Amino acid sequence: MTQTHDGAVPPRQDAPAGVPVDEPAQPDRIRRPADAFRFAASVVGLAAVMLVVSIAQQTTHGLHTDIAEGAAHAPRLLLSLATLVSSFGVLAVPIAFGIERLFHKDGTRVAIALLAAMIAFGVTVGLDDLVVRGAPGGVLDSLIWGGTETAPVHTDIAPVIAFVSAVGMAGRARWQTATWAMIGLAALTGLTASYASVAALAATYFLGRAIGLGTLYAVGTPNPRPPGKAVVAALERLGLRPERAARLDEPDDGAEETRRYGVVLAACPENGPGARVPAGRGAHGDWDLELHVLDRDQQTAGLPYRVWRLLRLRATTTGRALRSLRRSLEQESLMAYAVDAAGVRTPRLVGTSEVGTEAALLAYEHVPGRRLADLSDEEITDALLTDVWRQFRALQAGRLAHRRLQDGAILIGDDGGAYITDLRAGEIAAGDLALRLDLAQLLTTLALRTGPERAVGTAAAVLGEEALAAAVPLLQRVALSRETRAALRNDRDLLTRIREQIVRLKPETEVAPARLERFRPRTIFSIVALSVAAYIVIPQVASLDIGTMTATASWYWVLVALGAAALTYVAAALMLMGFVPEKLPLGRTVLAQLAASFVKLVAPAAVGGVAVNTRYLQRWGMRPGQAVASVGASQLVGLVTHILLLILFGFLTGSTTKATQDLAPSRTVVIAVLSLGLLAGLALTVPRVRREVTTRLKSMFSGVVPRLVDVLQSPKKLTTGMGGTLLLTLAFVLCLDASIRAFGGSLPLTSVVVVFLTANALGSAAPTPGGLGAVEGALTLALTISGLSAETATSAVLLYRLLTLWLPVLPGWGAFTYLQRKEAL
């Protein structure tokens, strides 16, 4: 079958000539996401080759030697023939293909491919003649493997690979086979003649692909999407005679993955009583058919986001990240037939057809109406919501998962009925989790328009309370579509209110969220932060002589530091007990603080203690709200105390009294603290940062003020809480001071206080477990600035962190296990 230069199939000779299609002019060139992804993959492949030849030189050398020895035993005539054929064919075949494209009026694509070939030739010549000679050694020598007589990249075939990558041979199997066969023969002759190594040929391949695809994406490829006339003409294959058509969606709309056309069928015998749709203009309103066109280049649109979701979420919660054009066509067709068979109200699929090699269409009966997103709030009645839920119930009964039940996927027909559309991401024979995710999505979609009360109330009347209860653990932002998550930014507590409405209907509902994520984004951030921390800490430890350090340490001061570290757990227990109205046992509360030290290894420092203490208070019998308020009150008082002490001792260390006149370097610490305060103030001027901080503080300190009022009315509780807060800071300062003195160092106590308060603040803000890396770096830097030698400062910091972070891990695990066994955690 003859094809046009853009890949579309021209209208049949007996098709109605000149069917008018009202659509904006399409651009001559487009930048396809697939080209960018393939370019990135080629760059990654090139980097991988560089990495392999850098770390596995002996292995790759051996491979090259084996190939050379094997080639020496090959018949000389056969090798000469392969060399002759490849020398001629590696250029002749691509040139012949380019001429063939010129005859088909595809000169633009050929010109782009020639530009890519010229760039590749210039790059390879530059690498071979200039870079290698100017900078011998290293990775380039590993690519050469033969001395100065060989080249790191194959100058003959790199431009050919760039040309082939840019010109595009999709759907032309014979040309592809011939071209790559010639390139393979040329690579083989390069190996046998010791012109290039295996790694050099791999680098040549990835370099040529990267240049070709990069040039294609930068310049833009000739638009392969068939125009509207070619799309409408394809209806002839379905036995339908179009009269006119028009584009229904906005071109270049990033929210649309398909093009949509409205079609009016001609009144003719072909469209008469035996036709598959009713005959005549306006049989279903303004249009008879609505065409959904799937373009091949659009199948990769949004691929990075889909891959990220696929990696982040469990496999049963996501669909395929990438589908071919044929796969997309088959999936949407199957879903449309299955939805119709399940009794769900949906536009009927009339037929499907390919449109050349670059697109396919699905023809639906047109249903006049408006999307739910376009209705006003007054038009969304309870009767309409009930009808939406009835259609959804039929979907669930047929085990059909829609996966995109947003307000744009619900069509309200002129007849008042709700229609389910946008089926391209659907799934048949869906599992329970996918069906429950659909329920959570639709609940959120309708609640955004009508409020949680109406959305839950109408759903309960149709689905029942049991079905709604199953959706509660899945009402999480991560489970919803990207558009819905964006809408929730304006109503952040909507999901909580939906859960509350369902729990009121069925109080025994399990509200704990289900685990949908394989990992959270902050996990990656923590891994990166831990890597940076290791990069900072490991060189410090490696530069120390542990034996000498142990031998020269004063064990008296080590024991003092150990006692001060143990005192911190008693102080933390008193701090918590002071803000709890009920009487807590001191021993068990100390064990809870010890258990929190174990949790620090798997959670940031500011998070682990809060979670353990809240759980401990709940197990002790306090309601969740009171437990959170008590822990929040202690944290708030600790934060305020920390800031006040930092300001006070920062001022004292900067004074010029006799007792502190040797602390002039600590003025730098004060300046650093003020600079951090200024940066924090500037950051809070950004609305998004301010909202995030406010939200976190509200969630952390909600209900704190009433709890503080209760504490103020009890002098004993106030003394216990404030005394524990101050004792906690004092114990940590004494531990750090004793660690410094254990290695012969000495600093005024005021300087030690400022150093500790500053490092502790950084450690609380760091996302790494226990503030790892941030605390060590801040303490070492601050102690060095304050006058200690680098060796003494590093040794003191390592001892301090050993006593306060690492040594309590085993006892903390024991306390954690014991409290769990006693059902106290």
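In the block above lies the structure referred to throughout.
The following refers to the structure shown. (Residues numbered from 1 in each chain as written. Predicted model: local features only at pLDDT ≥ 70, side-chain atom pairs only at ≥ 80, totals over all residues. Heavy atoms only, no water.)

**As for empty space enclosed by the protein**
Selection rule: Using a 1 Å grid laid over the protein atoms alone, points where a 1.4 Å probe fits but cannot get out form a cavity; open sets with protein on both sides within 12 Å along at least 5 of 7 lines form a pocket; any residue with an atom within 4 Å of a point counts as lining. Grid points are joined across faces, edges and corners, and a volume is the space filled by probe spheres set on the points. To qualify as a helix, a DSSP run of H or I must reach at least 4 residues; to qualify as a strand, a run of E must reach at least 2; elements of each kind are numbered from the N terminus. Note on residue categories: nonpolar means Ala, Val, Leu, Ile, Met, Phe, Trp, Tyr, Cys or Pro, charged means Asp, Glu, Lys or Arg, and polar means any other residue, Gly included.
Going through the model one piece at a time under the given rule, you end up with 1 cavity of 30 Å³ or more. In this structure, the largest cavity spans a volume of roughly 130 Å³. Those elements giving two or more residues to the lining of the largest cavity turn out to be strand S6 (289–295) and strand S8 (359–365). Tallied by class, residues from the lining of the largest cavity come to 6 nonpolar, 4 polar and 5 charged.

**A word on the sheet that holds strand S11 (residues 418–420)**
Within a sheet, neighbouring strands are paired by backbone hydrogen bonds and run either parallel or antiparallel to one another. For the record, the criterion: If DSSP finds at least two bridges between two strands, the strands pair. Note on geometry: axes are C-alpha line fits, over the in-contact stretch for helices, and angles between N-to-C directions span 0 to 180 degrees.
Strand order in this open sheet of 3 strands is S9-S10-S11, and the pairing throughout is antiparallel. Looking at which strands have only one partner, the edges of the open sheet turn out to be strand S9 (369–371) and S11. Within the sheet, the average angular offset between the axes of one strand and its neighbour, ignoring direction, is 30 degrees. Here 3 bridges tie strand S10 (residues 410–413) to S11, and the two strands are oriented antiparallel to one another. Bridging from a neighbouring strand, Ile410 pairs with Ile420 of S11.

**Thoughts on a nonpolar patch on the surface**
Short version of the rule: Residues enter a patch when their relative accessible area is above 30% and they make no salt bridge; the linking distance is 9 Å between like charges and 5 Å between nonpolar side chains (Val, Leu, Ile, Met, Phe, Trp, Tyr). All accessible-area figures derive from a Shrake-Rupley calculation using a 1.4 Å probe, and residue coverage is judged against the displayed protein chains alone. Definition used for salt bridges: Asp or Glu carboxyl oxygen within 4 Å of a side-chain nitrogen of Lys or Arg.
A contiguous nonpolar patch, built from Leu559, Leu562, Leu802, Trp806 and Leu807 and spanning about 480 Å² of accessible area, is present on the exposed surface. Those elements giving two or more residues to the nonpolar patch turn out to be helix H20 (555–577) and helix H30 (790–806). Along the polypeptide, Leu562 turns up in helix H20.

**Remarks on the sheet that holds strand S4 (residues 242–247)**
Quick note on the threshold: Contact definition: two residues touch when any of their heavy atoms are within 4.5 Å.
Here 6 strands make up an open sheet; going across it, the order is S1-S4-S5-S6-S8-S7 and the pairing mixed. Where the open sheet ends on each side, the last strands, each with one partner, are strand S1 (21–22) and strand S7 (349–355). With 5 bridges connecting them, S4 and strand S5 (residues 259–265) associate as antiparallel partners. Bridge assignment links Ala246 to a residue of S5, and that residue is Gly262. Each of S6, S7 and S8 is contacted by helix H11 (residues 325–341), which is oriented at about 15 degrees to S8, the strand it contacts most.

Such coordinate-based values are descriptive only and should not be taken to indicate function.
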